[in-house]
Amino acid sequence: MSERSFVMLKPDAVLRRLMGKVLTRFEEKGLKIAAAKMMEIPQDLAKEHYREHKEKPFFNDLISYITSGPVLAMVIEGDACISIIRKMVGATNPKEADLGTIRGDYALDMGRNIIHASDSSESAKREISLFFDDSEVCEYSLPDERLIYE
Ligand SMILES: Nc1ncnc2c1ncn2[C@@H]1O[C@H](COP(=O)(O)OP(=O)(O)OP(=O)(O)O)[C@@H](O)[C@H]1O
Ligand SMILES: [Mg+2]
């Protein structure tokens, strides 16, 4: 069933010019980019986005990291895409992430792991609505959908 996930390339991905490489992976997989925007995340939005980690010792560092420069915020769409994208992203700690995953291939440190992706359908809905208005999410068909889906 088609799902939407919230995916964000963090400031290190933008500054390291990795946006194109990472986007290519999602496009080549057959997923659809339904929305994308560059933005600098306000402190309040960063804290709301990562509110589940509010009590964790790394929370302040996480907020500093995510607000340290521009991010590319996206809505990505496709069948079962929430779990597929999490697999493509790899383990939270890039040192443990399998090679072939985005974090496994492009990152080394937990606090510089270059990408965020929603971890459940509830998180996806919450995060998409935090970052995007409905009108910013494009509804369109890809011309090769018959080749991607049975
Ligand atoms: N133990 C830790 N020490 C330092 N930073 C951490 C630690 N655990 C998580 N983080 C940071 O907080 C972010 C959010 O942690 P979470 O447990 O939600 O991992 P994730 O879902 O893989 O990552 P994200 O939510 O960014 O996609 C991580 O991406 C990482 O940058
Ligand atoms: Mg998370």
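The structure under discussion appears in the preceding block.
Residues numbered from 1 in each chain as written. Chains lettered and ligands numbered in written order. Predicted model: local features only at pLDDT ≥ 70, side-chain atom pairs only at ≥ 80, totals over all residues. Heavy atoms only, no water.

## Quick notes on helix α4 (residues 59–66)
As a reminder, the rule being used: Relative accessibility thresholds used throughout: buried, under 20% of the residue-type maximum; exposed, over 50%; partly exposed, between the two (1.4 Å probe, protein chains only). Numbering of helices and strands starts at the N terminus; helices are DSSP runs of H or I of at least 4 residues and strands are runs of E of at least 2. The reported arc concerns the directions from the helix axis to the C-beta atoms and nothing else. Contacts between residues were defined by any pair of non-hydrogen atoms, one from each residue, lying within 4.5 Å.
Of all the positions in α4, only Phe 59, Leu 62, Ile 63, Tyr 65 and Ile 66 are classed as buried. For α4, the arc enclosing every buried residue in end-on projection is 160°, short of the 170-degree limit, so these residues lie on one face. Those residues of α4 that are exposed and aimed more than 90 degrees away from the buried face are Asn 60 and Asp 61. In the core, the buried residues of α4 are packed alongside β1 (2–9), α1 (11–15), α3 (43–49) and β3 (71–79).

## A word on the site of ligand 1
This is how it is decided: A single heavy atom is enough: if one lies within 4 Å of a molecule or strand, its residue is considered near that molecule or strand. Distance and chemistry together define a polar contact, namely a pair of N or O atoms within 3.5 Å, with one atom able to donate a hydrogen and the other to accept it when in protein, and with adjacent residues in sequence counting only for side-chain atoms on both sides. Method for areas: the Shrake-Rupley scheme with a 1.4 Å probe, in which residue coverage is limited to the protein chains shown. Three classes are used: nonpolar for Ala, Val, Leu, Ile, Met, Phe, Trp, Tyr, Cys and Pro, charged for Asp, Glu, Lys and Arg, and polar for all others, with Gly counted as polar.
In the vicinity of ligand 1, the contacting residues are Lys 10, Tyr 50, His 53, Phe 58, Leu 62, Arg 86, Thr 92, Arg 103, Met 110, Asn 113, His 116 and Ala 117. The separation between an oxygen atom of ligand 1 and a polar main-chain atom of Met 110 is 3.0 Å. A distance of 3.3 Å separates an oxygen atom of ligand 1 from a polar atom in the backbone of Ala 117. Coverage of ligand 1 by the protein chains reaches 77% of its 570 Å² of free accessible surface. Residue composition of the shell around ligand 1, by class: 5 nonpolar, 4 polar and 3 charged.

## Describing the environment of Gly 30
For Gly 30, the position within the fold is in the loop between α2 (19–29) and β2 (32–39). Owing to a relative accessible area of 9%, Gly 30 belongs among the buried residues under this scheme. If we ignore the near neighbours within four places in the chain, the residues touching Gly 30 are Leu 142 and Ile 148.

## Some points on the pairing of β3
Operational definition: The pairing criterion is simple: DSSP has to find at least two bridges between the two strands.
When you tally the buried positions in β3, you get 8 out of 9 residues, the bulk of the element. For β1 and β3, the ladder comprises 8 bridges, and the chain directions are antiparallel. Within the sheet, the bridge partner assigned to Leu 9 lies in β3 and is Leu 72.

## Quick word on the pattern of salt bridges
The criterion, for reference: Salt bridges are defined by distance alone: a side-chain nitrogen of Lys or Arg within 4 Å of a carboxyl oxygen of Asp or Glu.
Applying the stated criterion across every chain yields a total of 8 salt bridges. A salt bridge links Arg 25 to Asp 105; the shortest N-O distance between them is 2.8 Å. With Arg 25 in helix α2 and Asp 105 in helix α6 (residues 102–106), this pair connects stretches of sequence that are 80 residues apart. Note that Asp 109 is salt-bridged to Lys 95, the shortest N-O span being 2.7 Å. Linking Asp 109 in the loop between α6 and β4 (115–117) with Lys 95 in the loop between α5 (81–89) and α6, this pair joins segments that are 14 residues apart in sequence. A residue is classified by how much of its surface remains accessible, and Asp 109, at 41% relative accessible area, is partly exposed.

## Here's the deal with the packing of aromatic side chains
Operational definition: Any Phe, Tyr or Trp ring, taking Trp's six-membered ring, that has another such ring centre within 6.5 Å forms a pair; planes under 30 degrees apart are called stacked, those over 60 apart edge-to-face, and the others tilted. Look at NZ for Lys and CZ for Arg. If either is within 6 Å of the ring centre and within 35 degrees of the ring normal, a charge sits over the ring.
Taken as a whole and assessed by the stated rule, the structure comprises 2 aromatic pairs. Both rings, one in Phe 6 and one in Phe 131, keep their centres 4.4 Å apart while their planes meet at 25°; by these two values the pair is stacked. Of this pair, Phe 6 sits in strand β1 while Phe 131 is found in helix α7 (residues 121–131), placing the two residues 125 residues apart along the sequence. For the pair Phe 6 and Phe 131, a shared accessibility class is recorded, and that class is buried. Geometrically, the ring pair formed by Phe 6 and Phe 132 is edge-to-face, given 6.4 Å between the ring centres and 65° between the ring planes. Of this pair, Phe 6 sits in strand β1 while Phe 132 sits in the loop between α7 and α8 (145–148), and the two are 126 residues apart along the sequence. The exposure classification of Phe 6 matches that of Phe 132, with both residues buried. Joined through ring pairs, the aromatic side chains of Phe 6, Phe 131 and Phe 132 make up one cluster. Here the guanidinium or amino end of Lys 32 rests over the ring plane of Tyr 140, the centre of that ring lying 5.2 Å away. Between Lys 37 and the ring centre of Phe 132, over which it is positioned, the NZ or CZ distance is 4.6 Å.

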